Amino acid sequence: MADTSRLDRFLRPRQIAVIGGRWCGQVVRQCKLMGYSGEIWPISTSSAEMAGVPCFDSLDDLPGVPDAVFIGVNHTATIDIVRKLNAMGVGGAVCFASGYAEVGAEGKARQDALVAAAGDMPIQGPNCLGFVNFMDGVALWPDEHGADPSESGVAVLSQSGAIGLNMTMQKRHMPLSYLVSLGNQAQSGVAEFIDSMLNDERVSAIGLLIEGLPDVPRFAAAASRALAKGVPIVALKTGRSEAGAKIAVSHTSTLAGDDSLYDALFARYGIARVDTLPVFVETLKLLSKSGPLAGNRIVSMSVSGGEASMIADLAESRDLDFAEFSPEDHARISATTHELVHVSNPFDYHTFDWGKREAQARTFTEVLRSGYDARLMLLDFPRSDRCATENWTAAIMAFAEAHKAAPGVSLLASSLPENMPPEVSRLAVDLGLIPMFGFDEALAALDAAATIGRLQRQAAAGRGAEPMQSVPVLAGDAAKVVDEAASKRLLATFGLPVPEGRLVGRGDVVSAAEDIGYPVVLKAAGSHMTHKSDLGGVALGLEDAEALTSAADAMAGLSDRFLVECMQPKPLAELIVGITRDPQFGLVLVIGAGGILVELLQDAQSLLFPVSRRDVAEAISALKVSKLLDGYRGQAAADREALIDAIMAVAQFAEAHADSLIELDVNPLMVFEDRTIAVDALLRMV
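Thresholds, definitions, all that
- Residues numbered from 1 in each chain as written.
- Predicted model: local features only at pLDDT ≥ 70, side-chain atom pairs only at ≥ 80, totals over all residues.
- Heavy atoms only, no water.
- Axes fitted to C-alpha atoms, helices over the stretch in contact; angles between N-to-C directions.
- Helix = DSSP H or I, 4+ residues; strand = E, 2+ residues; numbered from the N terminus.
- Parallel < 35°, antiparallel > 145°, perpendicular 65-115°, else oblique.
- Contact = heavy atoms within 4.5 Å.
- Nonpolar A, V, L, I, M, F, W, Y, C, P; charged D, E, K, R; others polar.
- Pairing = 2+ DSSP bridges.

Caption draft 1: Focus on the packing of helix H7 (residues 216–229) against helix H9 (residues 258–268). Here H7 crosses H9 at 30°, and the two axes come no closer than 10 Å. Classed by the angle they form, the pair H7 and H9 counts as roughly parallel. Counted together, Val216, Phe219, Ala220 and Leu227 of H7 and Leu265, Phe266 and Arg268 of H9 form the full contact between these two elements. Within the contact of H7 with H9, the residues separate by chemical class into six nonpolar, no polar and one charged.

Caption draft 2: Representation of unusual backbone geometry in the model. Geometrically, the link from glycine 125 to proline 126 is a cis peptide bond, its omega value of -5° lying close to zero. Its location among the elements puts proline 126 in the loop between strand S7 (123–124) and strand S8 (131–133). Going from asparagine 667 to proline 668, the amide bond is cis rather than trans, its omega being 5°. With respect to the element layout, proline 668 can be found in strand S28 (residues 661–671). The backbone of histidine 173 sits at a positive phi, close to 70°, despite the residue not being glycine. Position of histidine 173 relative to the elements: it lies in the loop between helix H5 (161–169) and strand S11 (176–181).

Caption draft 3: Spotlight on the sheet that holds strand S21 (residues 501–505). The antiparallel open sheet is built from four strands, whose spatial order is S21-S24-S22-S23. Each of the sheet's edge strands pairs with one partner strand only, and the pair in question is S21 and strand S23 (538–542). The sheet shows a mean angle of 20° between the axes of neighbouring strands, direction not considered. Relative to S23, strand S22 (residues 520–524) runs antiparallel, the two being bridged by three bridges. Directly across from leucine 522, in S23, lies its bridge partner alanine 539.

Written out as structure tokens, the structure reads:
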């Protein structure tokens, strides 16, 4: 494992060494262009100088021990160099070469040797482009980039060097502090780099461009530290394709696909997940300039009713509150504008004062004094080569005056990126406004900033994310299916309500039904039947002995044992509650729409352990079918506390059997006005 103090030295070095040829020359040039003030020690056996800096013949000739080294030689020679650097006490090294685990078994063996050679010296990569520290002028980066030096800003950690490079070319005013190409993450990965970024007070936010995480518990620990420290993280993770179940025993594994587990991980640790690069940049920019929002109350202003309507429509899918003005605020705003202007939020202020900067400033100031968590001005700038732009500039200046009079988070948004020219966005920045490119992107950024703010406040109040529980990896192919009757008995001991029932032979089904009372359900029993309904092994609503006997005769070929249970009335809703086991994430609790709706709706929430009642309550509320629990269309409302009790019983069973449980499926879990009951259950355990 890498020494984190050495990683800090590596990322913020006082002396740099580069080893190799052509690529290393570019590293030296980039450091000089960035204004790096430390010492640069090129090492080459074939060149006398690199980019005007004299070369040394070998590591032994260096005047000291460098904090950071860029290794630009082939994959075989890299291993020997890393071993020597570790022995010297070097801070860390960029391993630029490819040909490691990404190329197969032989490369994996080579990568293992590289990690062994590194010991506790941090290595970046291999198969990576390196990093740029824009604040200290460090560019261990063998390529050009587009960012300027900065005093603080966003740290971008990217598995893709090319996409990371693209981030430096953006012209959206997202300030960069670091760009780190992660490569294979053989030793130092995203978690270790997050930890080092958190040691630098100049980092205002962290952006992750990732395909996956090599060590989920280690990442969770770093993310928990970021949440507690108040440094926001935004993630763009590729790979949302649906993951299939490893074994067709239950629905749980399908619902808890790999990508849903990343959603659960990010939600637990206050990380905003976004889907596109534009939203990634806009969100990080907003967070870097304003920090997380104090709430989700938003006001927007526009000179167009169409824009006001568009922003209202786009906001519907976001957790943003475009609350109406209070009567007092409404009166103050109305007093500054034309009598025909309808004051509402979103606010179309019309063209009565268009081009009148002082009048607009009065109106805008009263809007901004209304106590919203973020204020949004919608303004598309016309083409300056064809149109007069004075009135648009006047609107920006009026908005800036209002912002100065009523400070807060003030955003200037255009519907299209090309409708905010560079000179306009620069003017906005200079005036203390945050330029946002795209209405939907602006709303997505506001939503993320509000969510992160809420989670950070919860963490500060002692409701922070608990560490992930470590569970052993078990061999799923060695697991055995526990039949329904035995599964229910086990779960009932932890408090899960189950129907009254009897497990009997063919000759005793009638007497069992008479003990329970008609109507009853008859099920063929046995661990060999994981989907009894598909096999004709379930008969519902049997009202008398004749119907029960006929059903048992029809199932005789399936089993010689039968489960007779009390028939349940029609519930308010049917849910599925399950546990699955993931090699990276450990135990996962899945809550979703159950019964016949499982595959039809794919409406589910995944929770990582440990699980709290609050987690369960929030997951239930996030389901589409949760409306059925609230008295939908005149029905009675469900007893949510009883439902949470039942789900927590499943979670407690899973925690108690963490060393043996592979999979659990309760479907359906029937929810009534006064109770919740599990009418089917299935376990798979080693």
